[in-house]
Amino acid sequence: MSSRPVAAGGGRTDLDRLDQRRALRATAAEFVRREVAPHLQEWEDARSVPRELHAAAARQGLLGVSFSEDVGGEGGDLLDSIALQEGMFEAGASSGLMAALFTGGIALPHLSANGSAELVDRFVRPTLAGEKIGSLAVTEPGGGSDVARIRTTAVRDGDGYVVNGAKTFITSGVRADFVTTAVRTGPHDTAPGHSGISLLVIEKGAPGFRVDRVLTKMGWHCSDTAELSFVDVRVPVANLVGAENSGFSQIAEQFVVERIGLAVHAYGIAARSLALTAAYCRERETFGKPLIANQVVRHKLVEMHRQVWVARCYVRDTAARYVAGEEVTAEACLAKQTAVDCATYVCDQAVQLHGGTGYMHGTEVERHYRDARILPIGGGATEVLTDLAARLLGYAS
Ligand SMILES: Cc1cc2nc3c(=O)[nH]c(=O)nc-3n(C[C@H](O)[C@H](O)[C@H](O)COP(=O)(O)OP(=O)(O)OC[C@H]3O[C@@H](n4cnc5c(N)ncnc54)[C@H](O)[C@@H]3O)c2cc1C
């Protein structure tokens, strides 16, 4: 049985919030125009987003959206978070920027739902205030798709755990002050699998905890990504999130929101790429007429538009059903797939219609094209999510 809060009145019928969401979307877009767009290429080249941006986003009331006021958030739900994200993408935020700035969105939910008051005070509140940065570390060098097989161990020793292992591809892991880390607390040989996983908060500076490598990537350039290692790291028992061995269900519960979030990235960058491409096709002339005067070009733009709308409607509907308390694990997988297929097609066509300009470093559609490639992999590869949906929908043998 899920422990998540259900919005009064349900997401789809909660019309009172509509004006509030419009205002949030506008504020978020304005924030990007003012604080992000003028610097984004510089941050892409630096391979990092400045800490000050987190503080600025918090002051603007953006960082804590969808987190309860009880834990230092701004209140609201997943639909508010979607309104905010759509506004940011519309104004030119990149998927990498959103991953870096909102890593708290994947590092904190377990703590705010199941962590002690002390963990909330030490990690959730300062992160939502833009004073700390947190990461979520599940994936290991040996594999990311099969969460049940993680090998990083945490062995109880007095009032602490001793952690050994490694994590890779960790978003914001270079800058993170703390990492919500999936560890194996159940006996590894006798009980491998879902049952023996826990979540521990491990702080930067703990002896034996190191950022081993800063990873360079095809896209998401301004989002720092790290490989982490843990050698005999002592972590206080007080840093355990929820009950021992409850980590897998905590991770699975939050995956739904993470997948919907990545789906918003997908149709968000697709919608932005479409807007940029439509403007370019009006302006750019070939053979003595604007590109948009060609029927084949117009039809391409319409197909891009159609795919963005299909993805947006599916994802928003899935999110509204989630907020209303429905079980949407399968639909979240399929909505993500629909949105990432849309981004794959639309971002590719955006580069195509920009011609050589679209292939140039620094052109916005080129960035979205590269950023789009992580979306069918991160937060669950499409094949894995399709298989999960098959089981949940009763199409498995
Ligand atoms: C930029 C970036 C940021 C990330 N951020 C984080 C983060 O913050 N925290 C975190 O914990 N992880 C993070 N990840 C890890 C991400 O979630 C994993 O990469 C993803 O889950 C896939 O795991 P893997 O890379 O180990 O691929 P593998 O599990 O090795 O799978 C490789 C490929 O095989 C295919 N495949 C796998 N299993 C099956 C199957 N059963 N059937 C059919 N095909 C299959 C899929 O195509 C898959 O892409 C990030 C990754 C990247 C690249």
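Everything below is about the structure shown above.
Residues numbered from 1 in each chain as written. Predicted model: local features only at pLDDT ≥ 70, side-chain atom pairs only at ≥ 80, totals over all residues. Heavy atoms only, no water.

> Which parts of the structure should I look at to understand the overall build of the chain?
What the chain contains, in helices and strands, is 13 helices and 10 strands. In terms of overall dimensions, the chain is globule-like: its C-alpha atoms have a radius of gyration of 21 Å, near the 21 Å expected for 397 residues. Counting only C-alpha atoms, the chain reaches 80 × 45 × 45 Å along its principal axes. Expressed as a percentage of the 397 residues in the chain, the buried residues total 53%. Counted over contacts in the chain with a minimum sequence separation of 6, partners at least 24 positions apart contribute 74%. (Helix = DSSP H or I, 4+ residues; strand = E, 2+ residues; numbered from the N terminus. Rg over C-alpha atoms; globule rule 2.2 N^0.38 Å. Buried < 20%, exposed > 50% of the residue type's maximum accessible area, 1.4 Å probe, protein only. Contact = heavy atoms within 4.5 Å.)

> How should I be thinking about helix α4 (residues 78–90) in this particular structure?
Within an α-helix, residues lying three or four positions from one another point in the same direction, as the helix has 3.6 residues per turn. The end-to-end C-alpha distance of α4 is 18 Å, a good match for the 18 Å that 13 residues give at a rise of 1.5 Å each. α4 sits mainly inside the fold: 12 of its 13 residues count as buried. Of the surrounding secondary structure, the elements contacted by the buried residues of α4 are α1 (17–36), α5 (95–101), α9 (247–283) and α10 (295–323). Put simply, aspartate 77 is the residue that caps the front of α4, since its side-chain oxygen is 2.9 Å from the backbone nitrogen of leucine 79. Immediately beyond the C-terminal end of α4, within one or two residues, lies glycine 92, with a positive phi of roughly 110 degrees. (Expected span 1.5 Å × (residues − 1). Polar contact = N/O pair within 3.5 Å; in protein donor to acceptor, adjacent residues only side chain to side chain.)

> Explanation requested: a nonpolar patch on the surface in the structure shown.
There is a patch of nonpolar side chains on the surface, built from Leu392, Leu393 and Tyr395 and spanning about 350 Å² of accessible area. Residue position: leucine 392 is located in helix α13 (residues 382–392). A residue is classified by how much of its surface remains accessible, and leucine 392, at 46% relative accessible area, is partly exposed. (Patch = residues over 30% accessible without salt bridge, like charges linked within 9 Å, V, L, I, M, F, W, Y side chains within 5 Å. Areas by Shrake-Rupley, 256 points an atom, 1.4 Å probe, with all protein chains shown as cover. Salt bridge = Lys/Arg side-chain N within 4 Å of Asp/Glu carboxyl O.)

> Even after reading the chapter, I still don't get the site of the ligand, so can you show me in this structure?
Around the ligand, the surrounding shell holds 19 residues, and the nearest of these are Thr139, Gly144, Ser145, Phe169 and Glu383. Backbone polar atom of valine 138 to an oxygen atom of the ligand: 2.8 Å apart, as the coordinates give it. Taken by itself the ligand offers 970 Å² of open surface, and the protein chains cover 65% of this. Elements represented by at least two residues in the shell around the ligand include exactly β1 (134–137), β3 (160–171) and α13. (Near = heavy atom within 4 Å.)

> How should I be thinking about the packing of helix α11 (residues 329–354) against helix α12 (residues 364–372) in this particular structure?
Each pair of packed helices can be summarised by the angle the axes make with each other and by the distance between the axes. Packing of α11 against α12 leaves a shortest axis separation of 9 Å and a crossing angle of 150 degrees. The angle between the axes of α11 and α12 places the two elements in the roughly antiparallel class. By crossing handedness, the relation of α11 to α12 is classed as left-handed. On α12, the residues touching Ala343, Cys347, Asp348, Ala350, Val351 and His354 of α11 are Val365, Glu366, His368, Tyr369 and Ala372. Class assignment of the residues belonging to the contact of α11 with α12 gives a composition of seven nonpolar, two polar and two charged. (Axes fitted to C-alpha atoms, helices over the stretch in contact; angles between N-to-C directions. Parallel < 35°, antiparallel > 145°, perpendicular 65-115°, else oblique. Left-handed = near helix turned anticlockwise from the far one by under 90°. Nonpolar A, V, L, I, M, F, W, Y, C, P; charged D, E, K, R; others polar.)

> Quick question: what am I supposed to make of the packing of α9 against α12 here?
The contact between α9 and α12 brings their axes to 10 Å, and the two run at 155 degrees. Here α12 runs roughly antiparallel to α9, going by the angle between their axes. Taken as a pair, α9 and α12 cross one another with a handedness that is left-handed. Contacts from Ile269, Arg272, Ser273, Leu276 and Thr277 in α9 reach Glu364, Val365, His368 and Ala372 in α12.

> How do you make sense of the pairing of strand β5 (residues 197–203) when you look at a structure like this?
Side-chain direction in a regular strand flips from residue to residue, so the side chains alternate between the two faces of the sheet. Of all seven residues making up β5, six are buried, and the element is well covered by its neighbours. In this structure, strand β4 (residues 178–184) lies alongside β5, joined through seven bridges in antiparallel fashion. Each residue of the ladder has a partner; that of phenylalanine 178, found in β5, is glutamate 203. Here β5 runs beside strand β8 (residues 240–241); their pairing, made up of two bridges, is antiparallel. What sits directly across from leucine 199, in β8, is valine 241. (Pairing = 2+ DSSP bridges.)

> Looking at this structure, how should I read the nonpolar core?
Where a protein is soluble and globular, its nonpolar side chains tend to be buried together. Ranked by size, the top nonpolar core spans 72 residues in total, and within it Met88 and Leu97 carry the most contacts. By size, the runner-up hydrophobic cluster in this structure holds 21 residues, among which are Leu128, Leu136, Phe178 and Ile251. (Core = buried A, V, L, I, M, F, W, Y, C linked by side-chain atoms within 4.5 Å.)

> Is there a simple way to think about the pairing of β3 in this case?
Sheet topology note: the strand β2 (residues 153–157)/β3 ladder contains five bridges and is antiparallel. Each bridged residue has a counterpart across the sheet, and for arginine 156 the counterpart in β3 is tyrosine 161. The antiparallel pairing of β2 with β3 creates a hairpin that spans two residues between the two strands, and glycine 158 there sits at a positive phi of about 65 degrees. Sheet topology note: the β3/strand β7 (residues 225–236) ladder contains nine bridges and is antiparallel. Paired with tyrosine 161 across the strands is valine 235, a residue of β7.

> Which parts of the structure should I look at to understand the packing of aromatic side chains?
In total, this model carries two aromatic pairs according to the counting rule given. Residues phenylalanine 123 and phenylalanine 178 carry aromatic rings whose centres are separated by 4.7 Å and whose planes lie at 50 degrees to one another, so their mutual orientation is tilted. Pair noted here: phenylalanine 123 is in helix α8 (residues 117–128) and phenylalanine 178 is in strand β4, with a separation of 55 residues, a long-range link. Neither phenylalanine 123 nor phenylalanine 178 differs from the other in exposure class; each is buried. When the ring centre of tyrosine 161 is taken as reference, the NZ or CZ atom of arginine 156 above it lies at 5.8 Å. Taking the ring centre of tryptophan 309 as reference, the NZ or CZ of arginine 312 above it sits at 4.5 Å. (Phe/Tyr/Trp six-rings, centres within 6.5 Å; stacked < 30°, edge-to-face > 60°. Lys NZ or Arg CZ within 6 Å of the ring centre and 35° of its normal.)

> When you look at α11 in this model, what are you seeing that I'm missing?
Along its 26 residues, α11 runs 37 Å from first to last C-alpha, staying within 8% of the 38 Å computed at 1.5 Å per residue. Glycine 355 occupies a position one or two residues after α11 and carries a positive phi of about 60 degrees.

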